[in-house]
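Take a look at the letters that make up each chain.
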Amino acid sequence: MIAHIARKERMEMWRDGRFRVAAVALLLLLAVALLTGLTTSRGTARDHEAAQEAMRGFWVNQGAKNPHSAAHYGLWVFKPSLPLSFVDHGVDAYTGVTTWLEAHKQNEFTRRPAMDRPNVARFGEWTAAAVLQLLVPLLIVMLAFPAFAGERETGTLRQLAAIGVPMRTLMLGKAAGIASALAVVLVPATLLGVATLWLGAGGGRGADDLVRFALLMLTYLAYFAVLLALALVVSARARNVRVALVLLLGFWTMNSLVAPRAVADLARQLHPTTSAVAFQAAMQRDIEQGLDGHNPADARRKAVEAQALREYRAVSLEALPVNFDAIAMQASEEYANTVFDRHFGDLYDRYRAQNTLTQWMGLVSPLLAVRSLSMGLAGTDVEQHRHFAVQAELYRRGLIRWTNNYFRDNTLTGEWDWKAPPELWAKYPPFEYDAPPVRQSVATQAAALLVLAGWLVLALALVWRAPAAPVV
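In this text the structure is predicted, and so the values were computed from the model without any measurement.

*Asks:* I'm lost on helix H6 (residues 146-154) in this one. Help?
*Replies:* Since there are 3.6 residues in each turn of an α-helix, residues three or four apart along the chain are aligned in direction. Within H6, the full set of buried residues consists of Ala147, Phe148, Ala149, Gly150, Glu151 and Arg152. Among the residues trailing H6, Gly155 stands out with phi positive, at a value near 90°.

*Asks:* Any chance you could explain unusual backbone geometry here in plain terms?
*Replies:* As a rule of thumb, non-glycine residues mostly have phi less than zero, and peptide bonds are mostly trans rather than cis. The phi dihedral of His104 is positive, around 75°, even though this residue is not glycine. Summarising the element assignment, His104 is placed in the loop between strand E2 (98-102) and strand E3 (105-106). Residue classification places His104 among the partly exposed residues on the basis of a relative accessible area of 30%.

*Asks:* Sorry if this is basic, but what is going on with the pattern of salt bridges here?
*Replies:* Two side chains carrying opposite charge are able to pair once their charged atoms lie near each other. Counted by the stated rule, this structure contains 14 salt bridges. A salt bridge links Asp325 to Arg301; the nearest nitrogen and oxygen atoms lie 3.9 Å apart. A residue pair is termed long-range when its members are at least 10 positions apart, and Asp325 in helix H13 (residues 324-360) and Arg301 in helix H12 (residues 297-312) qualify at 24 residues. A salt bridge links Glu393 to Arg396; the nearest nitrogen and oxygen atoms lie 2.8 Å apart. One end of the pair is Glu393 and the other is Arg396, both in helix H15 (residues 382-410) and 3 residues apart, which spans about a single turn. The pair formed by Glu393 and Arg396 is uniform in burial state, with each residue classed as buried.

*Asks:* Mind showing me how you'd approach the pairing of E2 here?
*Replies:* On a regular strand, one side chain projects to one face of the sheet and the next to the other, so that they alternate. Of all 5 residues in E2, 4 are buried, a share of seventy percent or more. Direction of pairing for strand E1 (residues 75-78) relative to E2: antiparallel, over a ladder of 4 bridges. Residue pairing across strands places Val77 opposite Thr99, the latter belonging to E2. Two strands pair when backbone bridges link them, and E2 and E3 are joined in this way by 2 bridges, in the antiparallel orientation. Bridge pairing links Leu101 to Gln106 in E3.

*Asks:* I would appreciate a short explanation of the packing of aromatic side chains in the present structure.
*Replies:* Aromatic ring pairs are defined here through the distance separating the ring centres and the angle between the ring planes. In the structure shown here, the tally under the stated rule is 15 aromatic pairs. Ring geometry for Tyr348 versus Tyr351: centroids 6.0 Å apart, planes at 70°, classification edge-to-face. A residue pair is termed a helical-turn pair when its members lie 3 or 4 positions apart in one helix, as Tyr348 and Tyr351 do in helix H13 at 3 residues. Residue Tyr348 is classed as buried on the basis of its relative accessible area, which comes to 10%.

*Asks:* What is the right way to read the sheet that holds E2 from this model?
*Replies:* Paired through backbone hydrogen bonds, the strands of a sheet run either parallel or antiparallel to each other. Spatially, 3 strands are ordered E1-E2-E3 in an open sheet, and the strand pairing comes out antiparallel. Edge strands, defined here as strands with exactly one partner in the open sheet, are E1 and E3. Against the sheet, H15 contacts E1, E2 and E3, and its axis sits at roughly 20° relative to E2.

*Asks:* What am I meant to see in the side chain of Lys174 here?
*Replies:* For Lys174, the location among the structural elements is in helix H8 (residues 167-199). According to the relative accessible area criterion, Lys174 is buried, its value standing at 1%. With residues up to four places along the chain from it excluded, the contact list for Lys174 reads Ile5, Glu9, Ala147, Phe148, Glu151 and Leu232.

*Asks:* Explain a nonpolar patch on the surface to me, please; I cannot follow it from the model alone.
*Replies:* A cluster of nonpolar side chains, contributed by Val211, Leu215, Leu218 and Leu221, occupies part of the molecular surface with about 330 Å² of accessible area. Relative to the helices and strands, Leu218 is located in helix H9 (residues 207-237).

*Asks:* Sorry, what's going on with the nonpolar core here?
*Replies:* If you look at soluble globular proteins, the nonpolar side chains tend to sit buried side by side. Ranked by size, the top nonpolar core spans 69 residues in total, and within it Phe148, Ile178, Tyr220, Phe224 and Leu232 carry the most contacts. For this core, the element with the highest residue contribution is H9, accounting for 16 residues. Look past the residues within four positions of Phe148 in its chain and what remains in contact with it is Leu157, Met167, Leu170, Met171, Lys174, Leu232, Ser235 and Ala236.

*Asks:* How should the confidence of the model for the protein chain be read in this particular structure?
*Replies:* When pLDDT is low, close inspection of the predicted coordinates is not appropriate. When the pLDDT values of the protein chain are averaged, the result is 87; 93% of them are 70 or greater. Predicted confidence in the protein chain is weakest over helix H7 (residues 156-162), with a mean pLDDT of 76, and strongest over H15, with 95.

*Asks:* Is there a simple way to explain the environment of Leu245 in this structure?
*Replies:* With respect to the helices and strands, the residue Leu245 is situated in helix H10 (residues 241-270). Along the primary structure Leu245 and Asn323 are separated by 78 residues, whereas in three dimensions their C-alpha atoms are 78 Å apart.

About the criteria used
Residues numbered from 1 in each chain as written. Predicted model: local features only at pLDDT ≥ 70, side-chain atom pairs only at ≥ 80, totals over all residues. Heavy atoms only, no water. Buried < 20%, exposed > 50% of the residue type's maximum accessible area, 1.4 Å probe, protein only. Helix = DSSP H or I, 4+ residues; strand = E, 2+ residues; numbered from the N terminus. Salt bridge = Lys/Arg side-chain N within 4 Å of Asp/Glu carboxyl O. Pairing = 2+ DSSP bridges. Phe/Tyr/Trp six-rings, centres within 6.5 Å; stacked < 30°, edge-to-face > 60°. Contact = heavy atoms within 4.5 Å. Axes fitted to C-alpha atoms, helices over the stretch in contact; angles between N-to-C directions. Patch = residues over 30% accessible without salt bridge, like charges linked within 9 Å, V, L, I, M, F, W, Y side chains within 5 Å. Areas by Shrake-Rupley, 256 points an atom, 1.4 Å probe, with all protein chains shown as cover. Core = buried A, V, L, I, M, F, W, Y, C linked by side-chain atoms within 4.5 Å. pLDDT = per-residue confidence, 0-100.

Okay, structure coming up:
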């Protein structure tokens, strides 16, 4: 019986020219978004790889130079585009993709395309994720709103009830029929996504990327199942098709357009971050005056000086067998690192608090949970950005420590004109980034997973209670 009802629903939809036009248009939009995303992602990856190699060349070929001058010379590092970023660009346009590594400073990321966009572009980028999050739900609404309300208006719902067709069977049959119609769009899109992933996986991680893609598809399928169940229940409860359409379009508008912006503003109000100027000023103040405000740089330098004299049993800095200037610089770096850890740690904790709030607000708007999961699985969320920022900062600290130690061990105090041999710079390894495994990305999305699972259980429960729906 369920299969018969599903076949009837599918045939009626397919006979409707509007569905065929909408399905073909949606499939074309998805294909264009996937291929455009792949082209952009691969182009960005090539640019970053070329720039990273150029930076390595500049570093290795900088010639004879004082190690501290080399530390100030620094280098740029670029966040690589992960294979699934062609599906969802996430927050990369807002967080930046490159940072300059140099002595004394932990710089913020730059190259933020969102800063150059008009305000209207802040509603989102045209990606496959945007099509899946906005247009497919709209198609579900348009397919499902007359499912019961239309049959109630024509009287066929009463006839079906009179011949003993259980309402639950009718509900499951209509759900299966609409789902099979959606499969006309989603199955080719999924196959195209797999092919695109395979084409763009030149630097990918094989099984990890496939698991991410599979989980991404399951996330969207769960989301579509929730929306389909809600749409059928509303159609079953609404007095007529007009009421059903208005209610479902209202939900789509709130869920897709209003809630994401409103919750983002709420998260910023509850967990505010300081401006870039104030952020840098606060770090500079703590470096100069100490984290407690009573440990200025001069006092810290005197303490380092006393410790060096004791360690080497020398009576003056000139009598030290090593370069005290390098010791003092490294001590200053170590103290500055504690300041950076506090301020950047607090900044990223605030971002995490904003994201956690957004995930839990998925309880009122399931799209919020789906968006968070989509970015997390694509590797384009704030947690992925934080992971790269930490790796880049650890590389910077290792590089600066290496130059200071070499300066310390090969010169004496005051020998600022000394230069290291040109072949030295190639001995420090290039920067390499290992993205977190999928299990780590999923762990950061625990709240979103729980929320989406809750919506799915609620939707199935509502479908199960469908027999209570009126037939007139």
